[in-house]
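Spelled out, the chains give:
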Amino acid sequence: MNLTNKALLRDKGYIDGAWVDADSGETLEVTNPATDEVIAVVPKMGAAETRRAIEAARVAQKLWKRRPAKERSNILRKWFTLIMENQEDLAQIITDEMGKPLTEARGEIAYGASYIEWYAEEAKRVYGETIPAPSDDKRIVVMKQPIGVIASITPWNFPNAMITRKIAPALAVGCATLMKPAEQTPLSALALCELAEQAGLPKGLINCIIGDPVAIGGEMTANDTVRKVTFTGSTGVGRLLMKQSSDTIKKLGLELGGNAPFIVFDDADLDAAVEGAMISKYRNSGQTCVCANRLYVQEGVYDAFAEKLAAKVRELKVGNGLDDGVVQGPLIDMKAIEKVEDHVADALAKGGEIVCGGKRHALGKSFFEPTIIKNVTKEMKVAREETFGPVAPLFKFKDAEDVIEQANDTEFGLASYFYSKDMSNVFRVAEELEYGMVGVNTGLISNEAAPFGGVKQSGLGREGSKFGLDDYLELKYVCLSEI
Ligand code: ADP
């Protein structure tokens, strides 16, 4: 890797301010999915290392929670600045370890850092309350205090931003943290630890354990010192972590799978809808939890929309994310390709029709052609499961009632999108969609000032915004008597 700042490329775990190997000496290889090249070898850690990180966090939190909010804020602000100063190198690390195009990787660094900036500011605004008491001899004071030690588990699709979204608010309010990044993408996590250290974050407040997810997740959930587990990933693993956390009654933040509907009404601005669909569907090669998974297009514009979308999709350049002009990188691994292939084959077997793409890309490895399928019905897998790849299935619908029913017919409830110019339709549909987030006439909804999160089986809690702070705080009621 050709980085300007070589210090960012760390290949050990980070516990209590020290860079460490696995107790067992075992290692994991990190590969670049665009080239299959091994780019780093990192330790494969387990429960014992996790326990040590939890203990380090417990000790560090005692002092951290007492530091004035302004001091915590200043350290976070410094961390933000360092990340932005190293944006180019950090973006390259992302592209090398998970394949997304460099322009998207640069965007992820700015997006991830924006949560640190936001929570550096919010750190100073954790207001409590006084409440008028029902009797004259008492006063009611409500304080907000940090929950304590927070354990985070994050996926490979946003190797930087999924971490900062969780760690920044936790540190801002006075919690201590340990993280387990996805085994495919540990390098972005380690680079963040390096920069946190340079920013002056005291040791023990941020720890990074890489390795066996079952052993690390098992310790994080069983250990009573951890008071909250925050997870982004699949609904299946989220369910498991929730079960495992029940013995110690932990708080949970869960950002799980989605099955986002993207609805285009007859009265929509079609060009804008196509543009939104391109961003929402094909960003990160379809590998985001808010990617449009099902595109519903009203009868009157179905064919026109399919044609316009296909013209744009055919222009997408597929390749190594480091190469100029590439906007579609490889999928993360061969398992991902097999799932996409299975969804396409299932749709075709049940009457779907390929508009463009539809198979593995000539580049081989885990590259897949950006794909559109027509004549899609609700019996197909693409209607029920998250495809997590560059496939746009186009469903046809009659009217608002029909499409709302279809859109809500899923156990998921993360992101949704629709395009319409009729204001009364806009309000009604936005209210009726059973989703945590609704994009109206836009395919891009996530930013640090807004609450990101899902309803139903898409999760618990919100990340970002002033609401995201509450997820790391406990209320304490102090009753002052005989005043
Ligand atoms: P994906 O299919 O996108 O990789 P996962 O939910 O499997 O989604 O992975 C998200 C994160 O959860 C990764 O960091 C992964 O290592 C972790 N993970 C997977 N299985 C477990 C488990 N049993 N316990 C704890 N973490 C796990």
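Because the structure is a prediction, the values reported are computed rather than measured.

Rules of the game
Residues numbered from 1 in each chain as written. Predicted model: local features only at pLDDT ≥ 70, side-chain atom pairs only at ≥ 80, totals over all residues. Heavy atoms only, no water. Core = buried A, V, L, I, M, F, W, Y, C linked by side-chain atoms within 4.5 Å. Buried < 20%, exposed > 50% of the residue type's maximum accessible area, 1.4 Å probe, protein only. Phe/Tyr/Trp six-rings, centres within 6.5 Å; stacked < 30°, edge-to-face > 60°. Lys NZ or Arg CZ within 6 Å of the ring centre and 35° of its normal. UniProt positions renumbered as here; feature names shortened; annotations may be inferred. Helix = DSSP H or I, 4+ residues; strand = E, 2+ residues; numbered from the N terminus. Near = heavy atom within 4 Å. Polar contact = N/O pair within 3.5 Å; in protein donor to acceptor, adjacent residues only side chain to side chain. Areas by Shrake-Rupley, 256 points an atom, 1.4 Å probe, with all protein chains shown as cover. Nonpolar A, V, L, I, M, F, W, Y, C, P; charged D, E, K, R; others polar. Pairing = 2+ DSSP bridges. Axes fitted to C-alpha atoms, helices over the stretch in contact; angles between N-to-C directions.

Trainee: Explain the nonpolar core to me, please; I cannot follow it from the model alone.
Mentor: Soluble globular proteins: nonpolar side chains tend toward being buried together. Counting 113 residues, the largest nonpolar core has W79, I83, I206 and I263 as the members making the most contacts within it. Listed in part, the 34 residues of the second largest apolar core include A273, M278, A392 and I445.

Trainee: Help me understand the packing of aromatic side chains, please; the structure alone is not making it clear to me.
Mentor: For any pair of aromatic rings, the description rests on two quantities: the centre-to-centre distance and the angle between the ring planes. The tally for this structure, following the rule as stated, stands at 8 aromatic pairs. The side chain of R165 reaches across the aromatic face of F452, ending 4.0 Å from its centre. In this arrangement the basic side chain of K228 is found over the ring face of Y472, its NZ or CZ atom lying 4.5 Å from the centre.

Trainee: Help me understand the UniProt feature "domain: Aldehyde dehydrogenase" (unreviewed entry) in the chain, please; the structure alone is not making it clear to me.
Mentor: In this numbering, the UniProt entry assigns the feature "domain: Aldehyde dehydrogenase" (unreviewed entry) to residues 19-478. As a span, residues 19-478 carries 40% helix and 20% strand, and end to end its C-alpha atoms are 42 Å apart.

Trainee: Explain the site of the ligand to me, please; I cannot follow it from the model alone.
Mentor: Residues in close proximity to the ligand total 17 residues, the closest being T154, W156, K180, E183 and S234. In the model, an oxygen atom of the ligand is placed 2.7 Å from a nitrogen or oxygen of the E183 side chain. The contact in question runs from an oxygen atom of the ligand to an N or O atom on the side chain of S234, over 2.6 Å. Coverage of the ligand by the protein chains reaches 80% of its 550 Å² of free accessible surface. Only α7 (213-222), β10 (226-232) and α8 (235-245) provide two or more residues apiece to the shell around the ligand. Each residue belonging to the shell around the ligand can be placed in one class, and the counts come to 10 nonpolar, 5 polar and 2 charged.

Trainee: How should I be thinking about the sheet that holds strand β6 (residues 138-146) in this particular structure?
Mentor: Through backbone hydrogen bonds, the strands of a sheet pair up, either in parallel or in antiparallel fashion. Here 3 strands make up an open sheet; going across it, the order is β5-β6-β20 and the pairing antiparallel. Each edge of the sheet is formed by a strand with only one pairing partner; in this case those strands are β5 (129-131) and β20 (473-481). Taking each pair of neighbouring strands and ignoring which way they run, the sheet shows an average axis angle of 25 degrees.

Trainee: Explain the environment of D409 here, please?
Mentor: With respect to the helices and strands, D409 occurs in the loop between α13 (400-408) and β17 (415-419). The partly exposed category is assigned to D409, whose relative accessible area is 39%. For the pair D409 and A383, spaced 26 residues apart in the sequence, the C-alpha separation amounts to 9.4 Å.

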